[in-house]
Amino acid sequence: MENKTIADSLNPLIEILKDGQEGYQLASDATQTPEIRQLLADLSTERAAFANELQMIVHRLGEEFETEASTAGGVHRTWINLKSALTSGDDYAILTECERGDSVAMEKFQAALAGDPLPDDIRPTVARQSVAIRAAHARMYSFRT
């Protein structure tokens, strides 16, 4: 697989990870429950680390890597802000939106894993991150129920 093609597969993942990083931080700041606040802050940190990991891979390939969250992610973060303001930091609503964001991330990661085969030295990183996103989604659901 050509380096440019690999970067084209990884950059959308970097964007969605940046979205998650920013969205989780906003959600953490909005919640009133210390346990949930910590979970969301930890997930924000995890997403930042995942994005950095993929950025380093793209850089190593000699290609340009994504540095910003997506425009759609900005809309999502705005919605979380609005929702938390309207509901006075309602944890259920915040967690529901975080789950929605993770659903989008899971779809993007599955598409990347199902598309053109990623090189053997990169695929395990993407697969590991995908599993972690699924686990975060499940944790969000468990806090909500």
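This is a predicted model, so every value here is computed, not measured. Residue positions are counted from 1 within each chain, in the order its sequence is given. For this predicted model, a pLDDT threshold of at least 70 governs which residues receive local features, and a threshold of 80 or more governs which side-chain atom pairs are given and counted, while totals over whole chains, interfaces and linings are taken from all residues. Excluding hydrogens and water, the side-chain figures rest on all heavy atoms present in the structure.

**Q** Report on the overall build of the chain, specifying residues and quantitative values.
**A** To qualify as a helix, a DSSP run of H or I must reach at least 4 residues; to qualify as a strand, a run of E must reach at least 2; elements of each kind are numbered from the N terminus. For the chain, the helix and strand inventory stands at 5 helices and 0 strands. The secondary structure elements of the chain, listed N-terminal to C-terminal, are α-α-α-α-α. Type-normalised accessible area, obtained with a 1.4 Å probe on protein chains alone, sets the label of each residue: buried when under 20%, exposed when over 50%, and partly exposed for intermediate values. Taken across its 145 residues, the chain has 43% of its residues classed as buried.

**Q** Go over the environment of Arg 37 with me, naming the residues and quoting the values.
**A** If you trace the backbone, Arg 37 turns up in helix 2 (residues 34–60). In this analysis, two residues are considered to be in contact whenever any of their non-hydrogen atoms come within 4.5 Å of each other. Not counting residues up to four positions away in its chain, the partners in contact with Arg 37 are Ser 28, Asp 29, Thr 31 and Gln 32.

**Q** Explain helix 2 to me, using residue names and the numbers behind them.
**A** Expected span, for any helix, means 1.5 Å times one less than how many residues it has. Here helix 2 spans 39 Å end to end across 27 residues, near enough to the 39 Å set by a 1.5 Å rise per residue. By the burial criterion, the buried members of helix 2 are Ile 36, Leu 39, Leu 40, Leu 43, Ser 44, Arg 47, Phe 50, Ala 51, Leu 54, Gln 55, Ile 57 and Val 58. Residues of helix 2 that are buried make contact with helix 1 (3–30), helix 4 (91–114) and helix 5 (123–144). Directly after helix 2, the chain includes Gly 62, whose backbone phi takes a positive value near 80 degrees.

**Q** Can you explain the nonpolar core? Please cite residues and give values.
**A** It is characteristic of soluble globular proteins that their nonpolar side chains tend to be buried jointly. In this structure, Leu 10, Leu 13, Leu 17, Leu 54, Phe 109, Ile 122 and Val 126 are the most contacted members of the largest nonpolar core, which totals 23 residues. Put simply, the parts of the chain that give this core at least two residues each are helix 1, helix 2, helix 4 and helix 5. Per element, the largest residue contribution to this core is 7 residues, and it comes from helix 1. Once you skip the residues sitting within four places of it in the chain, Leu 13 turns out to touch Leu 54, Lys 108, Phe 109, Ala 112 and Val 126. In this structure, Leu 43, Cys 98, Ala 136 and Met 140 belong to the second largest nonpolar core, which totals 13 residues. For the purposes of this section, nonpolar cores are sets of buried Ala, Val, Leu, Ile, Met, Phe, Trp, Tyr and Cys residues that join through side-chain atoms within 4.5 Å.

**Q** Outline the side chain of Lys 18, listing residues and values.
**A** Relative to the assigned elements, Lys 18 resides in helix 1. For Lys 18, which is buried and forms no salt bridge, the nearest opposite charge comes from Glu 22, at a distance of 6.4 Å. In this structure, Lys 18 is in contact with Ala 51, Gln 55, Thr 67, Glu 68 and Ala 69, ignoring residues within four places of it in sequence. Charge convention: Lys and Arg are scored as positive, Asp and Glu as negative, and His as well as the terminal groups of each chain are ignored. Whenever Lys or Arg places a side-chain nitrogen within 4 Å of a carboxyl oxygen from Asp or Glu, that contact is recorded as a salt bridge.

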